[in-house]
Amino acid sequence: MALLGVHTSVAGGLELAFDRGESLGCEAIQIFTRNQLQWHGAEISLAESEGFFRRWRKSSIREVVAHASYLLNLAGARELRAKSVDALVREIRRCDALGINLLVLHPGSPRGEKNEGEGLELLGDALQQVLGATEESRVRLLLETMAGSGNTLGGNLEHFAAVLDLLEDHPRIGVCLDTCHLLAAGYEFRTPATYEHLMRAVGKAVGTDRVGCWHLNDSLTPRGSRRDRHTHVGEGEIGTAPFGFVLQDDRWKDTPCILETPKDGPGDGGNLAVLRKMAGG
């Protein structure tokens, strides 16, 4: 079965994320390893690394996923790309120090300065630099599917296929599928047949073995809106049934499925309860 979890705060110390995840009965958690609204973060000390590892080993959490800063734009203008490459290399090294092997990041956007094809080439080149600077790392970079607003990359599965071609199918590149983003980008998966159709499209574009994580959230806006508006499970355009398709799919056995819904209203506990019901648990 998939590993259900939430994005948890690391306020007060990285190791406290495990307490917060366990209090909700999570099997996986997602964290920011540093302040995601700042470019620079201190290196992980030996004490932090050991403390994190000890707490993880004692916990019931089976998988930890890190999410890179939203500031990164590997397809942006030259100076921004250079800062993003440097920040991502540092982020990978932080993950290595903590024993985290999955790092989710947004593909970025050329922001009108380049066309889509040129943006993908910039993204591929930036990732090549990052991979070259971290050859010793085991961290897999999971490019997240996006809603596709403006000229943001990642709103089309073919974008990921193009990046893999540019990187010659590098084994450390994977994908994170986000349910809200997929619907907003125009993909249909709300019936068993359309879900299987989408999975075939994923398999053709990147291979389902490259899907290292799911983000589970409902969408406030309709299919094809190109707007990224998360809401509580079952309270948006997706409904509840499609989450069952994901969670009961043997292809995602032991794959982290991370809740990314608002913290108000039913909160993480309420949303997890719905997901567990859809999973048959």
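Here, the structure is the one placed above.
Residues numbered from 1 in each chain as written. Predicted model: local features only at pLDDT ≥ 70, side-chain atom pairs only at ≥ 80, totals over all residues. Heavy atoms only, no water.

A.B. asks: Now, about the overall build of the chain: what can you tell me, with residues and values included?
C.D. replies: Counting its regular elements, the chain contains nine helices and 10 strands. Its C-alpha atoms give the chain a radius of gyration of 18 Å, within 12% of the compact-globule value 19 Å for 281 residues. With the C-alpha coordinates aligned to their principal axes, the bounding extent of the chain is approximately 45 × 45 × 30 Å. Taking all 281 residues of the chain together, the buried fraction comes to 53%. Contacts in the chain between residues far apart in sequence, at least 24 positions, make up 77% of those at least 6 positions apart. If you sum the accessible surface of the chain, you get close to 12200 Å²; carbon and sulfur atoms cover 49% of it. (Helix = DSSP H or I, 4+ residues; strand = E, 2+ residues; numbered from the N terminus. Rg over C-alpha atoms; globule rule 2.2 N^0.38 Å. Buried < 20%, exposed > 50% of the residue type's maximum accessible area, 1.4 Å probe, protein only. Contact = heavy atoms within 4.5 Å. Areas by Shrake-Rupley, 256 points an atom, 1.4 Å probe, with all protein chains shown as cover.)

A.B. asks: Summarise the side chain of Arg-210; cite the residues concerned and give the values.
C.D. replies: Structurally, Arg-210 is set in the loop between helix H7 (192-205) and strand S7 (211-216). At 4.3 Å, Asp-169 is the nearest oppositely charged side chain to Arg-210, a buried residue that forms no salt bridge. Ignoring sequence-local partners within four residues, the contact set of Arg-210 consists of Arg-140, Leu-142, Leu-164, Asp-169, His-170, Pro-171, Ile-173, Gly-174 and Val-175. (Lys, Arg positive; Asp, Glu negative; His and termini not counted. Salt bridge = Lys/Arg side-chain N within 4 Å of Asp/Glu carboxyl O.)

A.B. asks: A description of the pairing of strand S4 (residues 102-105) should follow, citing residues and the corresponding values.
C.D. replies: Regular strands place their side chains on alternate faces of the sheet. Side-chain alternation along S4 places Leu-102 and Val-104 on one buried face and Leu-103 and Leu-105 on a second face that is also buried. Each parallel crossover has a hand, and for strand S3 (residues 63-67) linked through helix H3 (residues 78-98) to S4 it is right-handed. With four bridges connecting them, S4 and strand S5 (residues 140-144) associate as parallel partners. Directly across from Leu-102, in S5, lies its bridge partner Arg-140. (Right-handed = clockwise from strand over helix to strand, strands pointing away. Pairing = 2+ DSSP bridges.)

A.B. asks: Now, about the nonpolar core: what can you tell me, with residues and values included?
C.D. replies: If you look at the biggest cluster of nonpolar residues, it comprises 71 residues, and the most contacted ones within it are Leu-141 and Trp-214. Ranked by the residues each element gives to this core, the list is headed by H3, at seven residues. When neighbours within four sequence positions are excluded, Trp-214 is seen to be in contact with Cys-176, Leu-177, Thr-179, Leu-182, Tyr-195, Met-199, Val-246, Trp-252, Thr-255, Pro-256, Cys-257 and Ile-258. In this structure, Leu-102, Val-104, Leu-142 and Ile-258 belong to the second largest nonpolar core, which totals nine residues. (Core = buried A, V, L, I, M, F, W, Y, C linked by side-chain atoms within 4.5 Å.)

A.B. asks: So, unusual backbone geometry: which residues are in play, and what are the values?
C.D. replies: Within the chain, Arg-226 stands out as a residue other than glycine whose phi angle is a positive 65°. Tracing the backbone shows Arg-226 in the loop between strand S8 (218-219) and strand S9 (230-231).

A.B. asks: Residues and numbers for the packing of aromatic side chains, please.
C.D. replies: Here the structure, examined in full by the defined rule, presents six aromatic pairs. Measuring from centroid to centroid gives 5.7 Å for Trp-214 and Trp-252, while their planes differ by 70°, and the two rings are edge-to-face. Taken together, the residues span a long stretch of sequence, with Trp-214 in strand S7 and Trp-252 in the loop between helix H8 (241-247) and strand S10 (256-259) at a distance of 38 residues. Grouping residues by exposure puts Trp-214 and Trp-252 together as buried. Following the ring pairs from residue to residue traces out a cluster consisting of Phe-18, Phe-52 and Trp-56. (Phe/Tyr/Trp six-rings, centres within 6.5 Å; stacked < 30°, edge-to-face > 60°.)

A.B. asks: Residue-level account of the pairing of S10, with values.
C.D. replies: Alternating residues of S10 divide into Pro-256 and Ile-258 and Cys-257 and Leu-259, and every residue in both groups is buried. As paired strands, strand S1 (residues 3-7) and S10 are joined by four bridges and run parallel to one another. Following the sheet pairing, Val-6 is matched in S10 by Leu-259. Bridge count between S7 and S10: three bridges; the pairing is parallel. From the neighbouring strand, Leu-216 faces S10, where its bridge partner is Leu-259.

A.B. asks: Can you break down the environment of Ala-11 residue by residue, with the values?
C.D. replies: If you trace the backbone, Ala-11 turns up in the loop between S1 and helix H1 (16-23). When its relative accessible area of 45% is taken as the criterion, Ala-11 is described as partly exposed. For the pair formed by Ala-11 and Arg-34, sequence separation is 23 residues and the distance between their alpha carbons is 9.9 Å. Ala-11 has contacts with Leu-16 and Arg-20, leaving out every residue within four places of it along the chain.

A.B. asks: Can you lay out the pattern of salt bridges for me, pointing to particular residues and giving the numbers?
C.D. replies: One side chain can pair with another of opposite charge once the charged atoms of both are near each other. The final tally for this structure, using the stated rule, is 11 salt bridges. With a shortest N-O distance of 2.6 Å, Arg-55 and Asp-19 are connected by a salt bridge. With Arg-55 in helix H2 (residues 46-58) and Asp-19 in helix H1, this pair connects stretches of sequence that are 36 residues apart. Taking the shortest distance from any N to any O, the salt bridge between Lys-263 and Asp-268 comes out at 2.7 Å. Given the relative accessible area of 54%, Lys-263 is considered exposed. Salt bridges here are not isolated pairs; linked through shared partners, they connect Asp-19, Glu-22 and Arg-55.

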